[in-house]
Amino acid sequence: MTAEPLAEARFLYDASNAVDPLGDAERESDEGRKHNRAKVGSGRPSSLLYTYGPGAIMDLPQFTIMPSGLDDWERIWRRRDGIPQIRAPRLRQAVGLLLRSRDIQLRPFPWQAKKMSLSTEGNDLGVPARVFPQWLRCTGCDMLGALSQFDYRNTHPYRTDLACFEHARCTGRAGDRMRRPTRRPAVPARYLLACVDGHLDEFPYDLWVHQGQQCDKAEFPALKMVDRTAGKGASAVIRCESCGLRRPMNEAQGEAGRSKLPRCRGRHPHLDAFEPGGCGNDTRLMLVGASNLWFPATQSIIVMPESTEERKSDLADQIRIALGEKLAKYRDDLETLRDVLDGKVDVTELSDAELAEAVAAAGAPPASEAEQEEHIRTWDPVDLLVPEWLYLQKDVLGPGVEDPTSGLTLSKRERDPDLPTQITRVLAVERLRKVNALIGFTRIDAMDRVGDLPRRLAPLTRTARPSWTVATEDRGEGIFLQLDDQAVAAWEERIYATDIWRAHQEAHRRNFHRRFSETAVEVDPDTRLRPPRYWLVHTLAHVLIRELAMTCGYSAASLSERLYAWPGTEERAAATGLLICTTASDSDGTLGGLVQLSEPVRLQGVVSRALYRAARCSSDPICATRTPQDPEDFLHGAACHCCVMASETSCERANRFLDRRFLVDLPGSNLGFFGHAC
């Protein structure tokens, strides 16, 4: 990054600067030259989706990188004749709606399994990434400089931790005994600028130390970052060796420091691009490792057997994508159409009438832009859960009933006589497939609903309507529990009239207005508050995850929840149930330890112990009586990390909407759905 005034930088992506980590290797191979291409790091698909996706900063042993936008992945995919896709029609349609791209595809990460540990399959695949931030600090002399001022070393093919940037002629700090130049490693300068609309930029150290002006002693001043106390926030001091000026970084902290920072330039470093009209938002000082630097916006489904309508819709989409502009040319010539679709879309089992119907659906005009925007505005994530809930309500006719298309395998379990009567149905989900898709990300704060403030969702591509997005496919097992809906409805009516629920409502309103102030002008906060049945099912899922982890063979962080809890409306029937599952993206399944606990006697023991533990907490009575009062805005009641709260990988709501009082009776409260736990 050059030291130019931030307000003057207004440019878009330069195609000549495309990222292709292996492109230079191919050129050198064509020229007959050899070069060592040792790896510098790797990541699991799940981490690349939820933690280190495009636009996030990934820590390597000696420096940090940022996975680039999906446009740069195209150069990697073109090394293969065919690009694999993940089949999940229901999720693909939802993602296409949210990304305003009718014919979007779901693709896995560019990766290929190796037959043997030393084989070369897949060496030409990988996730493109940039070194970011590109300001580094020498650990020997504190020199602060751009990436070009340091040498890159990466020589050992099996030691990723040795790849690093070095200051070739470091003379050490003033007062050091040894002044002979030597090589010293450099580390990322850890300060960045971010804005609420998802932009991220390097911190302008040279402008900061010179109070927004150019150095009057040198065109390219020599800077140092002096930091003697690590781990205490912005404790560094920036010093210009050319003119002698110095300025501490703690002046940029807090509300007072925010006024001293430059306005946002609208930079998306993962796209190597700037917003065409700039941004102009206030910026905030961020650290490279800050937890609020990147929040993924994802959607996921449990793949269920497709209905007739879903199969027809998916077939029409496949035909339209496969033919593109040729659809109008061949739509009336079914014989030629079959030949053109051969090897692309399987239509061999379709009659001419069925094929004509599919082609007509494929050629139907898309909804108008106004209709699409209205659909996005009113779209509810619960729409993805409804088909799953409806299928799980169907009778299972035997043990191990498998659907050949989705791979979903269910077994009905008998209820143990001592199982609480409020739990009416148990299913063992012996095999399941879960597909997760990334649609964007936010910075500084996570967004509950993408449609609230679309500009806050940072894009994954430079194009307004992407043709694909990255997805992962997980396989695993689980246990499904269904509660008595009539009992839940009666209990819910009782909760609505309590002071505790009114306190939760007021806390949610305060939280909503503080976190989503612009959204709150147009949206009623009460429509975003989850109903009492959701709090009940959510709390039950958490206590079960804690108890299951003690005996199933998986850690609590490996178990996740999928909640089906909504009141009945004209569009959909009421639901009250939960699925606790464990999945893995790099295996064909799991070991069955979770499913075994769905057996009647074992499950009864797990539920009884979970409810018993929920009635007690080492933080009681403080935890048991916790109720938000003005000005507090936390979104939980009698719940803490000692009793109910779970890890980020397990909870779908970031430990919000939890209260043990809704689950079991606590001292001074008789609101528990399961009553007194013995």
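Residues numbered from 1 in each chain as written. Predicted model: local features only at pLDDT ≥ 70, side-chain atom pairs only at ≥ 80, totals over all residues. Heavy atoms only, no water.

Participant: I'm lost on the overall build of the protein chain in this one. Help?
Facilitator: On a plain count of helices and strands, the protein chain comes out with 18 helices and 24 strands. Expected size for 678 residues packed as a compact globule is a radius of gyration near 26 Å; at 28 Å, the protein chain falls within 12% of this value. Restricting to contacts in the protein chain with at least 6 residues of sequence separation, those with at least 24 account for 70%. Of the roughly 32900 Å² of accessible surface on the protein chain, 49% is carried by carbon and sulfur atoms. Seen as two clouds, the 89 positive and the 96 negative side-chain charges of the protein chain have centres 7 Å apart. (Helix = DSSP H or I, 4+ residues; strand = E, 2+ residues; numbered from the N terminus. Rg over C-alpha atoms; globule rule 2.2 N^0.38 Å. Contact = heavy atoms within 4.5 Å. Areas by Shrake-Rupley, 256 points an atom, 1.4 Å probe, with all protein chains shown as cover. Lys, Arg positive; Asp, Glu negative; His and termini not counted. Charge placed at Lys NZ, Arg CZ, Asp CG, Glu CD.)

Participant: Hey, could you run me through the sheet that holds strand β11 (residues 200–202) in this one?
Facilitator: Sheet strands pair by backbone hydrogen bonding; their relative direction is either parallel or antiparallel. Taking strand neighbours across the sheet as the criterion, the 3 strands line up as β11-β10-β17 in an open arrangement whose pairing is antiparallel. Two strands lie at the open edges of the sheet, namely β11 and β17 (284–287), each paired on one side alone. Neighbour to neighbour, the strand axes of the sheet diverge by 40 degrees on average, direction disregarded. Sheet topology note: the strand β10 (residues 191–194)/β11 ladder contains 3 bridges and is antiparallel. Its bridge partner being in β11, Leu192 is matched across the sheet by Glu202. (Pairing = 2+ DSSP bridges. Axes fitted to C-alpha atoms, helices over the stretch in contact; angles between N-to-C directions.)

Participant: What exactly am I supposed to notice about a negative patch on the surface here?
Facilitator: A surface patch of negative charge is lined by Asp332, Asp333, Glu335, Asp339 and Asp342. Mapped onto the elements of the fold, Asp342 is located in the loop between α9 (334–341) and α10 (352–362). (Patch = residues over 30% accessible without salt bridge, like charges linked within 9 Å, V, L, I, M, F, W, Y side chains within 5 Å. Salt bridge = Lys/Arg side-chain N within 4 Å of Asp/Glu carboxyl O.)

Participant: Which parts of the structure should I look at to understand helix α4 (residues 89–98)?
Facilitator: Side chains three or four residues apart in an α-helix point the same way, a direct result of the helix having 3.6 residues per turn. Counting buried residues in α4 gives 9 out of 10 residues, a clear majority hidden from the surface. Those residues of α4 that sit buried are Pro89, Arg90, Leu91, Arg92, Ala94, Val95, Gly96, Leu97 and Leu98. Of the residues trailing α4, Arg100 is marked for its positive phi of about 60 degrees. (Buried < 20%, exposed > 50% of the residue type's maximum accessible area, 1.4 Å probe, protein only.)

Participant: Quick question: what am I supposed to make of the sheet that holds strand β13 (residues 237–240) here?
Facilitator: Taking strand neighbours across the sheet as the criterion, the 8 strands line up as β7-β8-β9-β5-β6-β12-β13-β14 in an open arrangement whose pairing is antiparallel. Looking at the sheet topology across the chains shown, the edges are occupied by β7 (151–153) and β14 (246–248). Ignoring which end each strand starts from, the neighbouring axes of this sheet average 35 degrees apart. Bridge analysis of strand β8 (residues 164–170) against strand β9 (residues 182–188) gives 4 bridges, and the strand direction is antiparallel. Looking at the pairing, Phe165 lines up with Ala186 of β9.

Participant: Help me understand the side chain of Arg92 in this model?
Facilitator: As for its placement among the helices and strands, Arg92 is situated in helix α4. For Arg92, a relative accessible area of 9% translates into the label buried. Among residues more than four places away in sequence, those in contact with Arg92 are Arg102, Asp103, Ile104, Leu106, Asp314, Asp317 and Ile321.

Participant: Explanation requested: the confidence of the model for the protein chain in the structure shown.
Facilitator: Reading fine detail from the predicted coordinates is not recommended where pLDDT is low. The share of residues in the protein chain with pLDDT of 70 or more is 90%, and the mean pLDDT across the chain is 86. Per-element confidence in the protein chain ranges from a low mean pLDDT of 56 for helix α1 (residues 23–30) to a high of 97 for helix α16 (residues 532–548). Note that residues 1–18 has pLDDT below 50 and, in this model, 38 contacts with residues that lie over four places away or in other chains. (pLDDT = per-residue confidence, 0-100.)

Participant: Please clarify how the packing of helix α7 (residues 308–323) against α9 should be interpreted in this entry.
Facilitator: Packed helices, taken two at a time, are described by the angle between their axes plus the distance between the axes. For the pair α7 and α9, the least separation of the axes is 11 Å and the interaxial angle reads 80 degrees. On the basis of the axis angle, α7 is roughly perpendicular to α9. Residues Ile319, Ala322 and Leu323 of α7 lie in contact with α9, whose contacting residues are Leu337, Val340 and Leu341. Here the residues of the contact of α7 with α9 sort into 6 nonpolar, no polar and no charged. (Parallel < 35°, antiparallel > 145°, perpendicular 65-115°, else oblique. Nonpolar A, V, L, I, M, F, W, Y, C, P; charged D, E, K, R; others polar.)

Participant: Any chance you could explain the pairing of strand β2 (residues 64–67) here in plain terms?
Facilitator: Where a strand is regular, its side chains alternate between the two sheet faces. Side chains Thr64 and Met66 project from β2 onto one buried face, and the interleaved Ile65 and Pro67 project onto a second face that is buried too. Examined bridge by bridge, strand β1 (residues 58–59) and β2 share 2 bridges and lie antiparallel to one another. Residue pairing across strands places Asp59 opposite Thr64, the latter belonging to β2. Following β1, the chain reverses through 4 residues before pairing antiparallel with β2.

Participant: Even after reading the chapter, I still don't get the packing of aromatic side chains, so can you show me in this structure?
Facilitator: Aromatic ring pairs: the centre-centre distance and the angle between the two ring planes describe each pair. The final tally for this structure, using the stated rule, is 22 aromatic pairs. Every member of this aromatic cluster is reached through a ring pair, and the members are Trp491, Tyr496, Trp501, Tyr534, Trp535, Phe657, Phe662, Phe673 and Phe674. Directly above the aromatic system of Trp208 lies the positively charged group of Arg247, at a separation of 3.6 Å from the ring centroid. Over the ring of Tyr534 we find Arg530, and its NZ or CZ is 5.2 Å from the ring centre. (Phe/Tyr/Trp six-rings, centres within 6.5 Å; stacked < 30°, edge-to-face > 60°. Lys NZ or Arg CZ within 6 Å of the ring centre and 35° of its normal.)

Participant: What's the story with the pattern of salt bridges in this structure? I'm lost.
Facilitator: Two side chains that carry opposite charge are able to pair once their charged atoms sit near each other. All chains considered together, the criterion is met by 45 salt bridges. Among the salt bridges present, the one from Asp314 reaches Arg87, with a minimum N-O distance of 2.4 Å. Of the two residues, Asp314 sits in helix α7 while Arg87 sits in the loop between α3 (74–77) and α4, which places them 227 residues apart along the sequence. Its salt-bridge partner being Glu599, residue Arg602 comes within 3.8 Å of it at the nearest N-O pair. A network of salt bridges, in which partner residues are shared, links Asp71, Asp72, Arg130, Asp272 and Arg462.

Participant: Whenever I open this one, the pairing of β8 confuses me. Can you help?
Facilitator: In terms of burial, β8 is largely enclosed, as 5 of its 7 residues are buried. In this sheet, β8 lies alongside β7 in antiparallel orientation, the contact comprising 3 bridges. Counterpart to Asp151 in the pairing with β8 is Glu166.

Participant: I'm lost on the environment of Ser560 in this one. Help?
Facilitator: Tracing the backbone through its elements, the reader meets Ser560 in strand β23 (residues 560–566). What makes Ser560 buried here is its relative accessible area of 11%. Distance from Ser560 to Ser647, taken between C-alpha atoms, is 9.2 Å for residues 87 residues apart in sequence. The contact partners of Ser560, leaving out residues within four places of it in the chain, are Ile545, Leu579, Ile580, Cys581, Thr649 and Ser650.

Participant: What is the right way to look at the nonpolar core in this model?
Facilitator: Soluble globular proteins tend to bury their nonpolar side chains together. By size, the foremost hydrophobic cluster in this structure holds 57 residues, and its most contacted members are Leu483, Leu540, Leu544, Leu548, Leu578, Leu663 and Phe674. At the level of secondary structure, the elements contributing two or more residues to this core comprise β21 (423–442), β22 (468–483), α13 (485–496), α14 (499–515), α16, β23, β24 (575–584) and α18 (600–614). Take this core: its biggest share by element is 10 residues, from α16. If sequence neighbours within four positions are ignored, Leu578 has contacts with Ile479, Phe480, Leu481, Val537, Leu540, Ala541, Leu544, Arg562, Leu563 and Tyr564. Residues Leu60, Leu70, Trp77 and Val131 belong to the second largest nonpolar core, which totals 29 residues. (Core = buried A, V, L, I, M, F, W, Y, C linked by side-chain atoms within 4.5 Å.)

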